[in-house]
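In case you want the letters, here they are:
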Amino acid sequence: MGLRVQLVGDREVNLRLDAAARAVSDWTPFFRTTASDLINKSEVEAWETEGASLGAPWVPLALSTGRQKLRGALGQGKRRPSNRQWFTAWGGATRILYVSGALMRAASNPQAPGGEEMIDRLMYVRRVTLPYGAAHQFGVPGRLPARPFLVFSRVLVDKLQTAATEYVQAALDAKVAT
């Protein structure tokens, strides 16, 4: 079953819409290259901006979590770091949703461990299979705030729509040329 779009009363437009549907019956090449690349770049940007590029910055770490991460980064176990150590190490040690980098890699690269991409001719699915991914994406009531990282921002949707339009136009142009 293919795509069928019809505009009542305009034969020329209907012919072009039918041609577009016939020209792009398999979206796999678009999903494998353009869509996947745009989503990968969006995910990297989401992690670099800690969610701000998606339209809603992630909830900051609780002070206790920041201290715990900092102590681990400084190799001090339970001992409280000095103010100087605290401010020096604060930048890298307390990045939100980042301990080993596995979640970030899985979200921004479907070939990384814990990342997954499923593609067929009419569907593209991106997901993270790490057991703690869903807890961070959706939150855990009373324990962990949601910090969504797999989000299609308005900017990403606009880029995907533009790229898809260009893909369809190129397919139509190729059909006309043959």
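Residues numbered from 1 in each chain as written. Predicted model: local features only at pLDDT ≥ 70, side-chain atom pairs only at ≥ 80, totals over all residues. Heavy atoms only, no water.

Undergrad: Where do I start with the layout of surface pockets in this structure?
TA: Picture a little ball the size of a water molecule; that probe, rolled over the atoms, points out where space is still empty. The calculated volume of the largest pocket comes to roughly 430 Å³. In terms of lining, the largest pocket is formed by 21 residues, of which the most central are T65, K69, L97, V99 and H136. Contributions of two or more residues to the lining of the largest pocket are made by helix 3 (63-74) and helix 5 (102-108). Taken together, the residues of the lining of the largest pocket break down into 14 nonpolar, five polar and two charged. (1 Å grid on protein atoms, 1.4 Å probe; cavity = no way out; pocket = protein on both sides within 12 Å on 5 of 7 lines; lining within 4 Å. Points joined across faces, edges and corners; volume = space filled by probe spheres on them. Helix = DSSP H or I, 4+ residues; strand = E, 2+ residues; numbered from the N terminus. Nonpolar A, V, L, I, M, F, W, Y, C, P; charged D, E, K, R; others polar.)

Undergrad: Help me understand the pattern of salt bridges, please; the structure alone is not making it clear to me.
TA: Where charged atoms of side chains with opposite charge meet at close range, the side chains can pair. Using the criterion set out here, one finds three salt bridges in the structure. Across the salt bridge formed by R127 and E116, the nearest N and O atoms sit 2.6 Å from each other. One end of the pair, R127, is in strand 2 (residues 123-128); the other, E116, is in strand 1 (residues 115-120), with eleven residues separating them in the sequence. In this structure, R154 engages D158 in a salt bridge whose closest nitrogen and oxygen atoms are separated by 2.9 Å. Of this pair, R154 and D158 both sit in helix 7 (residues 154-177), four residues apart, roughly one helical turn. Since its relative accessible area comes to 54%, R154 is described here as exposed. Since its relative accessible area comes to 35%, D158 is described here as partly exposed. (Salt bridge = Lys/Arg side-chain N within 4 Å of Asp/Glu carboxyl O. Buried < 20%, exposed > 50% of the residue type's maximum accessible area, 1.4 Å probe, protein only.)

Undergrad: Please explain the pairing of strand 1 as it appears in this structure.
TA: Within a regular beta strand, the side chains point alternately toward one face of the sheet and then the other, so they alternate between its two faces. Pairing analysis gives six bridges linking strand 1 to strand 2, with the strands arranged antiparallel. Bridge pairing links E116 to R127 in strand 2. If you look at the hairpin formed by strand 1 and strand 2, you'll find two residues sitting between the two strands. (Pairing = 2+ DSSP bridges.)

Undergrad: Help me understand the packing of aromatic side chains in this model?
TA: The geometry of two aromatic rings is summed up by the distance between their centres and the angle between their planes. One pass over the full model with this rule turns up eight aromatic pairs. Where W27 meets F30, the ring centres are 5.4 Å apart and the plane angle is 80 degrees; that geometry is what we call edge-to-face. Both rings, one in W27 and one in Y167, keep their centres 5.3 Å apart while their planes meet at 40 degrees; by these two values the pair is tilted. Taken together, the positions of W27 in the loop between helix 1 (11-23) and helix 2 (28-48) and Y167 in helix 7 put the pair 140 residues apart, joining distant regions of the chain. Members of the aromatic cluster, connected to one another through ring pairs, are W27, F30, F31, Y124 and Y167. (Phe/Tyr/Trp six-rings, centres within 6.5 Å; stacked < 30°, edge-to-face > 60°.)

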